[in-house]
Amino acid sequence: MERPVIETPHVKSHDTDQVVESIKNLTSSVNMMYGLIKTVITPVLVLILIIGVAILVRSR
């Protein structure tokens, strides 16, 4: 008894250069956002916290 031959479709090869470039761009964007958060947003939040505590202490 012979087994039937199953043909698999041809798998397309992908261009990995585009994937690598996208990963590099994503990494760059994440690093830029981390730098922005570290240098701008965190000090502003700390300043708001200090002002809030000062207002709370003065109101007592």
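Above this note sits the structure.
Residues numbered from 1 in each chain as written. Predicted model: local features only at pLDDT ≥ 70, side-chain atom pairs only at ≥ 80, totals over all residues. Heavy atoms only, no water.

*Asks:* Is there a simple way to explain the overall build of the protein in this structure?
*Replies:* When its secondary structure is counted, the protein shows one helix and zero strands. The C-alpha atoms of the protein give 28 Å as radius of gyration, which overshoots the globular expectation for 60 residues (10 Å, by more than 25%). Per-residue burial for the protein yields a buried fraction of 0% across its 60 residues. As displayed, the protein offers around 6,400 Å² of accessible surface, 67% of which is attributable to carbon and sulfur atoms. In the protein, 6 side chains carry a positive charge and 5 a negative one; their mean positions are 31 Å apart. (Helix = DSSP H or I, 4+ residues; strand = E, 2+ residues; numbered from the N terminus. Rg over C-alpha atoms; globule rule 2.2 N^0.38 Å. Buried < 20%, exposed > 50% of the residue type's maximum accessible area, 1.4 Å probe, protein only. Areas by Shrake-Rupley, 256 points an atom, 1.4 Å probe, with all protein chains shown as cover. Lys, Arg positive; Asp, Glu negative; His and termini not counted. Charge placed at Lys NZ, Arg CZ, Asp CG, Glu CD.)

*Asks:* How should I be thinking about a nonpolar patch on the surface in this particular structure?
*Replies:* Taken together, the side chains of Met33, Leu36, Ile37, Val40, Ile41, Val44, Leu45 and Ile48 define a hydrophobic patch exposed on the protein surface, amounting to about 680 Å² of accessible area. Considering the arrangement of structural elements, one finds Met33 in helix α1 (residues 16-59). Residue classification places Met33 among the partly exposed positions, given a relative accessible area of 43%. (Patch = residues over 30% accessible without salt bridge, like charges linked within 9 Å, V, L, I, M, F, W, Y side chains within 5 Å. Salt bridge = Lys/Arg side-chain N within 4 Å of Asp/Glu carboxyl O.)

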